[in-house]
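Residues per chain are reported as follows:
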2 protein chains.
Amino acid sequence: MSAIIDYIETNKEKFKDELFNLLRIPSISTDSSHKDDVRKAAGFLKEQLEDLDMDRVELFETDGNPIVYGELITDESKPTVLVYGHYDVQPPDPRELWDTPPFEPTVRHGDIYARGASDDKGQSFTHIKALEAYRKTDTDFPVNVKFILEGEEEIGSPHLVPFIKEHKEMLACDMVLISDTAMFAEDTPSITYGLRGLAYMEVEVTGPNRDLHSGVYGGAVENPANALCEIIAKLKDGDGVIQIDGFYDDVVELSDEDREAYKNLPFDLEKYKKDLGLKKVYGEKGYSTLERATARPTLDVNGLWSGYQGEGAKTVLPSKAGAKVSMRLVPNQDPNKIAQLFKKHVESIAPDTVEIEIRAHHGGHPAGTDLSFYGLQAAADAFEEVYDKEPLFSREGGSIPIVADFEKVLGAQSILMGFGLNSDAIHSPNEKFALKDFYRGIQTSAKFFEQLPKHSK
Amino acid sequence: MSAIIDYIETNKEKFKDELFNLLRIPSISTDSSHKDDVRKAAGFLKEQLEDLDMDRVELFETDGNPIVYGELITDESKPTVLVYGHYDVQPPDPRELWDTPPFEPTVRHGDIYARGASDDKGQSFTHIKALEAYRKTDTDFPVNVKFILEGEEEIGSPHLVPFIKEHKEMLACDMVLISDTAMFAEDTPSITYGLRGLAYMEVEVTGPNRDLHSGVYGGAVENPANALCEIIAKLKDGDGVIQIDGFYDDVVELSDEDREAYKNLPFDLEKYKKDLGLKKVYGEKGYSTLERATARPTLDVNGLWSGYQGEGAKTVLPSKAGAKVSMRLVPNQDPNKIAQLFKKHVESIAPDTVEIEIRAHHGGHPAGTDLSFYGLQAAADAFEEVYDKEPLFSREGGSIPIVADFEKVLGAQSILMGFGLNSDAIHSPNEKFALKDFYRGIQTSAKFFEQLPKHSK
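Remember, it's a predicted structure, so these values are computed and weren't measured experimentally. (Residues numbered from 1 in each chain as written. Chains lettered and ligands numbered in written order. Predicted model: local features only at pLDDT ≥ 70, side-chain atom pairs only at ≥ 80, totals over all residues.)

Peer 1: How should the overall build of chain A be read in this particular structure?
Peer 2: Helix and strand counts for chain A come out as 14 helices and 20 strands. At 23 Å, chain A has a C-alpha radius of gyration in line with the 23 Å of a compact globule built from 457 residues. In terms of overall dimensions, chain A has a C-alpha envelope of 80 × 50 × 45 Å along the principal axes. Going through the 457 residues of chain A one by one, you find that 55% of them count as buried. Long-range pairs, those at least 24 residues apart, make up 79% of the contacts in chain A with a sequence separation of at least 6. (Helix = DSSP H or I, 4+ residues; strand = E, 2+ residues; numbered from the N terminus. Rg over C-alpha atoms; globule rule 2.2 N^0.38 Å. Buried ≥ 20, exposed ≤ 12 C-beta atoms within 10 Å, placed from the backbone. Contact = placed C-beta atoms within 7 Å.)

So, in structure tokens, the structure goes:
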């Protein structure tokens, strides 16, 4: 193992330079004008894997962006780890709020600033570099490993589930390793054992058949923007309780044990408020901030638009108004059922003076990993060796829908080994990833592969 | 009078050619690259007035576009009419939707197609040509007349109010004559005796200090877009009644006579709905569509924005959400007072989990002309003589802020003698003005000047 640790230590600059090359590619999957960049990022990763003398490296075409696959089978009797990551990124908008350009990575105060630094190029790159440390030092790799790196995570992975269904045998594994989550706090390694699901809807309200003059028609014609606001306002009550009929029917309530465990997690509410610039937190009555953010379902407007958004005043009564509304789900809510309930409810409360169109975007199931699973124990040991601290076990508020899919299709639980921080500003301007956690991530991954066979009996 | 009527009849082609010359000048006030064209249009009108042997014609410079002024004082004891018009026009965009170029006037099916044909070059030109008919036939002009023609109406007349305040004596008059409105329907002369005012607000709600991941923070942090929707939803109740404290305090309720007059106006609700593509009209309970559109105050969202508006899904909990909200006002509401009430009310209902900023854009006072005013009676007689029909008296839903300013500064009521039609597509592609109404407008103006002294006792 010391050869590996030495290799990692010696090659830090090289690892950083390579990650920077990956971060420079604006692989924004939601923006079709960046299609070639997305493909370029896939090619970059394929070359990275090809350099590791694996048994097989292949770029699989899909109807969308390609999937990069690599495998190294050392001994069929040993555990097989499927490493999942994604090389696509969120759009960088609003660009003007970035202190340095989103696709020109820079290090400031020990943090790498770039779109994708944390989510997920930087985090997923750690496992490739960990494998490299074994291969380039001619150290026997202690388990079998397969990589599956996709380019559509930020748009809901539309082609990944069909792909894993179609390649069940090739992808067969004992567990999935994913680094796409955050540590509980700085220098506080954490293993996420629960994730929320997602239902993402778009609502479009149409009033008159064209934009009208608000002086000539105002008061006599329903304004779709006002109507949309009324609809959205009715979706929650004053206690933050979602008003969609049947919304909570399948929710697994927090047990007393769960709530006790939450109380033991280190959490500083004042720091949280200060970090976010809040005078007051918000949320469902009867739950703590951590519970609200990770174990309770939500309903948030993600986007809103209508009429004139420019400078000054334009007296328009808009023809249309739209909103993107997403709901985070907890075990055992089903995203398809929730999407249906949302649609039915919104249609039932929409005024009959407007037309309403409701579309569902991608969704994802909530997921959980069994706390006694040996993979989790190996991950805990690896974290402790590198960070010199026992990791915390916690739930996260975000969604990695693919975790539920891996479980359903491959029967494999996921190890969510996050190296990021909640303050990484993923999906926001000035996304960052601590350089030291990039390096510790590579070390932890290497240790995890070493630990795994010891726990697998 | 017959000499005048003959003159108008004989010179129709000349009038049309002159108007076409004016329409060919792209005097777009909002586009600084057309500054010289705006000035050219002013010069054209100055020459027109100079040709009429008036007592005084002058081009007044302002910090913006010039004001063309002309006066003819025949007898101090007679009524003085101040004719107001504007020679600037809206931009023609989108140009590709014009069937013929916006600044190459053409006649099709009896309509003049050009930007400014109706708003307001064509309409205001009628009064110059009416005066010409008197002057070129050596007919004594029956009243005193002053012209004030501005070039900034389409950008909110920023220099006109200071100008009239500064030239109160020069502009002293008994009434203002404005042709910048529409007739109720084709061949249906109408006199507008009420205009709504305007208070235009912008609301910005700030939640967290940056855009957040809706998975990580959703449920625990107030979403400013949800909060904005709740605020806007609370501004009206289910009956369309505005809920701002004190909002209706100064509203002059419709009298029984007013409401009776409304019932007599020709209005086809089915046609209205069909034209706008509405399955159902909307509005304040207890009022008809026409009353709602012209005699009742309103509250409309003119613009709405937050978070991600692009294609697909982005799971953002936005930092900010904003709305433009305007209120149309009726006599005796005061736009400044209403802006204050709006601000106070919105601040009082905003949740304490967000910051809120409220700004007022430009406003305008509502205006009304006393139905018993002798000027209105003279205008009615003139219309009846030319159109062979008693004109309708109606209110309009839009605002002409300058009408309230003329009343406040000069103490003069306005006669809104519209020759346009609501279907003229002012501010839209393919603006038009019926050629026959251009000619009838000249005749009506000439008759009006003749009638006025008879009613002024």
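Peer 1: When you look at the relation of the copies chain B and chain A in this model, what are you seeing that I'm missing?
Peer 2: The two chain copies are connected by a rotation around an axis plus a translation along it. For the pair chain B and chain A, the relating rotation is 178°, the translation along its axis is 2.5 Å, and the fit reaches an RMSD of 2.5 Å. When the interface residues of chain B are mapped onto chain A, 93% of them again lie at the interface, so the same face is used by both copies. (Least-squares fit on C-alpha atoms with pLDDT ≥ 70 in both.)

Peer 1: I tried to follow the pairing of strand S3 (residues 80-86) of chain B on my own but got confused; where do I start?
Peer 2: Residues in a regular strand point their side chains to alternate faces of the sheet. All names here are of chain B. Counting buried positions along S3 gives seven out of seven residues, so the element sits mostly inside the fold. Across the two faces of S3 the burial is the same, with Thr-80, Leu-82, Tyr-84 and His-86 and Val-81, Val-83 and Gly-85 all buried. Taken together, the seven bridges between S3 and strand S6 (residues 144-150) define a ladder with parallel strand orientation. Looking across to S6, one finds that Gly-85 is bridged to Leu-149. Two strands pair when backbone bridges link them, and S3 and strand S7 (residues 175-178) are joined in this way by four bridges, in the parallel orientation. Bridge pairing in S7 places Tyr-84 opposite Ile-178. (Pairing = 2+ DSSP bridges.)

Peer 1: So what exactly am I meant to see when it comes to the domain arrangement of chain A here?
Peer 2: Where interface size is given, it is often the accessible area lost as the parts come together that is meant. All names here are of chain A. Domains assigned within chain A are domain 1 (2-195 + 366-455) and domain 2 (197-251 + 297-364). Look at where the C-alpha atoms of domain 1 and domain 2 centre, and you get two points 35 Å apart. Of the residues lining the interface, eight residues belong to domain 1; the matching set on domain 2 comes to 10 residues. Residues belonging to the side of domain 1 that touches domain 2 are distributed by class as follows: four nonpolar, four polar and no charged. (Domains from an automatic or database assignment. Nonpolar A, V, L, I, M, F, W, Y, C, P; charged D, E, K, R; others polar.)

Peer 1: Help me understand the interface of chain B and chain A, please; the structure alone is not making it clear to me.
Peer 2: Every contact between the two is made by 67 residues of chain B and, on the other side, 72 residues of chain A. Among the elements that make up the side of chain B that touches chain A, the one with the highest residue count is strand S12 (residues 300-307) of chain B (eight residues). Partitioned by chemical class, the residues of the side of chain B that touches chain A number 24 nonpolar, 27 polar and 16 charged.

Peer 1: Sorry if this is basic, but what is going on with unusual backbone geometry here?
Peer 2: Peptide bonds are mostly trans, and most non-glycine residues show a negative phi. All names here are of chain A. In this structure, Asn-332 follows Pro-331 across a cis peptide bond, with omega equal to 0°. Positionally, Asn-332 belongs in the loop between strand S14 (320-329) and helix H11 (335-349). The residue Asp-388 is not glycine, and still its phi comes out positive at about 60°. By the element assignment, Asp-388 lies in the loop between helix H12 (374-387) and strand S17 (392-396). With a phi angle near 60°, Asn-430 is a residue other than glycine that sits in the positive phi range.

Peer 1: So what exactly am I meant to see when it comes to helix H7 (residues 224-233) of chain A here?
Peer 2: Turn by turn, an α-helix covers 3.6 residues, leaving residues three or four places apart pointing in a common direction. Across the 10 residues that make up H7(A), a large majority, 10, are buried. Listing the buried residues of H7(A) in full gives Pro224(A), Ala225(A), Asn226(A), Ala227(A), Leu228(A), Cys229(A), Glu230(A), Ile231(A), Ile232(A) and Ala233(A). Summarising the contacts, the buried residues of H7(A) are in contact with strand S10 (197-206), strand S12 (300-307), S14 and H11 of chain A together with helix H7 (224-233) and S12 of chain B.

Peer 1: Explain the sheet that holds S14(A) here, please?
Peer 2: Hydrogen bonding along the main chain pairs the strands of a sheet, whether they run parallel or antiparallel. Spatial strand order, S15(A)-S10(A)-S14(A)-S12(A)-S12(B)-S14(B)-S10(B)-S15(B): eight strands in an open sheet with antiparallel pairing. A single partner strand is all that each edge strand has here, and the edge strands are strand S15 (355-364) of chain A together with strand S15 (355-360) of chain B. Averaged over all neighbouring strand pairs, the angle between strand axes comes to 15°, with direction disregarded. Where S12(A) meets S14(A), six bridges bridge the pair, whose relative direction is antiparallel. Paired with Ser306(A) across the two strands is Ala321(A), which belongs to S14(A). The sheet contacts of H11(A) involve S10, S14 and S15 of chain A, and relative to S15(A) the element is tilted by about 165°. (Axes fitted to C-alpha atoms, helices over the stretch in contact; angles between N-to-C directions.)

Peer 1: How do you make sense of the environment of Asp334(B) when you look at a structure like this?
Peer 2: Residues and elements named next belong to chain B. Note that Asp-334 resides in the loop between strand S14 (320-329) and helix H11 (335-349). With 83 residues separating them in the primary sequence, Asp-334 and Val-251 have C-alpha atoms 9.5 Å apart. What Asp-334 contacts, discounting residues up to four positions off in sequence, is Asp-250 and His-365.

Peer 1: When you look at the sheet that holds strand S20 (residues 432-434) of chain B in this model, what are you seeing that I'm missing?
Peer 2: All names here are of chain B. If you trace the three strands from one edge of the open sheet to the other, you get S4-S5-S20, paired in antiparallel fashion. Two strands in the sheet have a free side with no partner beyond their single neighbour: strand S4 (106-108) and S20. For this sheet the average axis-to-axis angle between neighbouring strands, irrespective of direction, equals 30°. Pairing of S4 with strand S5 (residues 111-113) involves three bridges; the strand directions are antiparallel. When the bridges of S5 are listed, Val-107 appears paired with Ile-112. Each of S4, S5 and S20 touches helix H14 (residues 435-455); the most contacted strand, S20, lies at about 60° to it.

Peer 1: So what exactly am I meant to see when it comes to the confidence of the model for chain A here?
Peer 2: The predicted structure's coordinates, where accompanied by low pLDDT, should not be read in detail. Predicted confidence across chain A gives a mean pLDDT of 95, with 100% of residues reaching 70 or more. Across the predicted assembly, pTM comes out at 0.80 and ipTM at 0.84. (pLDDT = per-residue confidence, 0-100.)

Peer 1: Any chance you could explain the packing of helix H1 (residues 2-10) of chain B against H14(B) here in plain terms?
Peer 2: Packed helices, taken two at a time, are described by the angle their axes make and the gap between the axes. All names here are of chain B. Packing of H1 against H14 leaves a shortest axis separation of 10 Å and a crossing angle of 160°. Considering the angle they form, H1 stands roughly antiparallel to H14. Handedness of the H1/H14 crossing: right-handed. Of the residues in H14, those in contact with Ile-4, Ile-5 and Ile-8 of H1 are Ile-442, Gln-443 and Ala-446. Taken together, the residues of the contact of H1 with H14 sort by class into five nonpolar, one polar and no charged. (Parallel < 35°, antiparallel > 145°, perpendicular 65-115°, else oblique. Left-handed = near helix turned anticlockwise from the far one by under 90°.)

Peer 1: What am I meant to see in the pairing of strand S7 (residues 175-178) of chain A here?
Peer 2: Residue and element names in this part refer to chain A. Side chains Met-175 and Leu-177 project from S7 onto one buried face, and the interleaved Val-176 and Ile-178 project onto a second face that is buried too. Where S7 and strand S18 (residues 413-417) come together, four bridges link them in parallel fashion. Looking across to S18, one finds that Met-175 is bridged to Gln-413.

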